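Notes for the structure review
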Amino acid sequence: MKNDHIYFIGIKGTGMAALAGICHDLGYIVSGSDLPDHFFTEEGLRKRGIPIYTFSAENVPTDAIVVKGNAFSNEHIEVKEAEKKNLKIYSYHEFLGKLIEPYRSIAVSGSHGKTTTSTMLRDMMAYSQKTAYLIGDGRGHVSEFDQYFVLEACEYRRHFLEYKPEMAIMTNFEIDHVDYFKSEEDYLRAYEDFSRNVKELLVVWGEDPHFSKLNLKTPRVWTYGFTKYMDISAQ
């Protein structure tokens, strides 16, 4: 995956902006493109001095790794130019999955509460552990000495299957993204598949009404909730 220059197509997206900032912090040359309209995520990019261009085939470098946002098809003008130049192209979630490999990663998934839970987790861990993070509201940071990596893991189009974290959290399972998932069963199967990627520990809200329908396959599962039957209960 190593290349000095990484070019982001759709760099102002919340996840993409955070990922671009992280790559800059790791010492890569970073640039990217997006619509000319102002979006709040570009503030962090501009503070880092990351160039942001308006979409054009002329922007695409001749020697770079290209990361394209999930909203962009292979017919996009810059994606086609990258293919023409035989550049290595990753989707956002593919690239993030490779980026977290050197760390002990904790992925936060679930229908609701991912951003809040990721933020709380990162804030608590920062008291005792060197922790990198990527949160779905545009925030992300990594430093040279980080050992842990907290990331928000979205289930849309099963993108989170690109991640193989040491640990994961599942907050709840109310069906979402009905433009993609065919049924509640299809939605729950995605979480079951994701559980097979978790190497050590899965922490799940055990009082979710869908929990009993899930066949989670991971070395350890801890449940949390308000009743005494949970492994971790709030009293």
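A short tour of the structure in this document, coming up. Note that the structure is a prediction, hence the values are computed from the model and not measured. (Residues numbered from 1 in each chain as written. Predicted model: local features only at pLDDT ≥ 70, side-chain atom pairs only at ≥ 80, totals over all residues. Heavy atoms only, no water.)

This part is about the pattern of salt bridges. Under the definition given, this model contains 14 salt bridges. Arg 196 is paired through a salt bridge with Asp 193; the nearest N and O atoms lie 3.2 Å apart. Judged by relative accessible area, Arg 196 falls into the partly exposed class, the value being 43%. Taken together, the salt bridges that share partners define one network made up of Lys 12, Glu 42 and Arg 46. (Salt bridge = Lys/Arg side-chain N within 4 Å of Asp/Glu carboxyl O. Buried < 20%, exposed > 50% of the residue type's maximum accessible area, 1.4 Å probe, protein only.)

A few words on the sheet that holds strand β3 (residues 52-54). Taken in spatial order, the 5 strands of this open sheet run β3-β2-β1-β4-β5, and their pairing is parallel. Either end of the sheet is taken by a strand with one partner, and the two such strands are β3 and β5 (89-91). This sheet shows a mean twist of 25° between the axes of neighbouring strands, independent of strand direction. The sheet strands contacting helix α1 (residues 14-25) are β1 (5-9), β2 (29-34) and β4 (65-68), and the helix crosses β1 at an angle near 170°. Packed onto the sheet, helix α4 (residues 92-99) meets β1, β4 and β5 and runs at close to 95° relative to β5. (Pairing = 2+ DSSP bridges. Helix = DSSP H or I, 4+ residues; strand = E, 2+ residues; numbered from the N terminus. Axes fitted to C-alpha atoms, helices over the stretch in contact; angles between N-to-C directions. Contact = heavy atoms within 4.5 Å.)

Further remarks concern the nonpolar core. Phe 8, Leu 19, Leu 96, Phe 149 and Tyr 163 are the most contacted members of the largest nonpolar core, which has 47 residues in total. At 7 residues, α1 tops the list of elements feeding residues into this core. Formed by 12 residues, the second largest nonpolar core is a distinct cluster that contains Val 108, Met 125, Tyr 133 and Met 167. (Core = buried A, V, L, I, M, F, W, Y, C linked by side-chain atoms within 4.5 Å.)

To continue, consider helix α6 (residues 184-195). Helix length check: α6, at 12 residues, gives a terminal C-alpha distance of 17 Å against a target of 16 Å (1.5 Å per residue), a fit within 8%. Those residues of α6 that sit buried are Asp 186, Tyr 187, Leu 188, Ala 190, Tyr 191, Glu 192, Phe 194 and Ser 195. Buried residues belonging to α6 abut β6 (104-109), β10 (167-170) and β11 (201-205). (Expected span 1.5 Å × (residues − 1).)

With that settled, the discussion passes to unusual backbone geometry. Negative phi is the rule for most residues except glycine; trans is the rule for most peptide bonds. With phi around 60°, Arg 158 is a residue other than glycine that occupies positive phi space. Examined against the element boundaries, Arg 158 turns out to sit in the loop between β9 (148-152) and β10. Looking at Arg 158, the relative accessible area reads 18%, which means it is buried.

Now for the pairing of β6. Among the 6 residues in β6, 5 count as buried, and that is most of the element. Looking at chain direction, β6 and β9 are connected through 5 bridges and run parallel. Bridge pairing in β9 links Arg 104 to Tyr 148. For β6 and β10, the ladder comprises 4 bridges, and the chain directions are parallel. By the bridge assignment, Ser 109 is partnered in β10 with Met 170.

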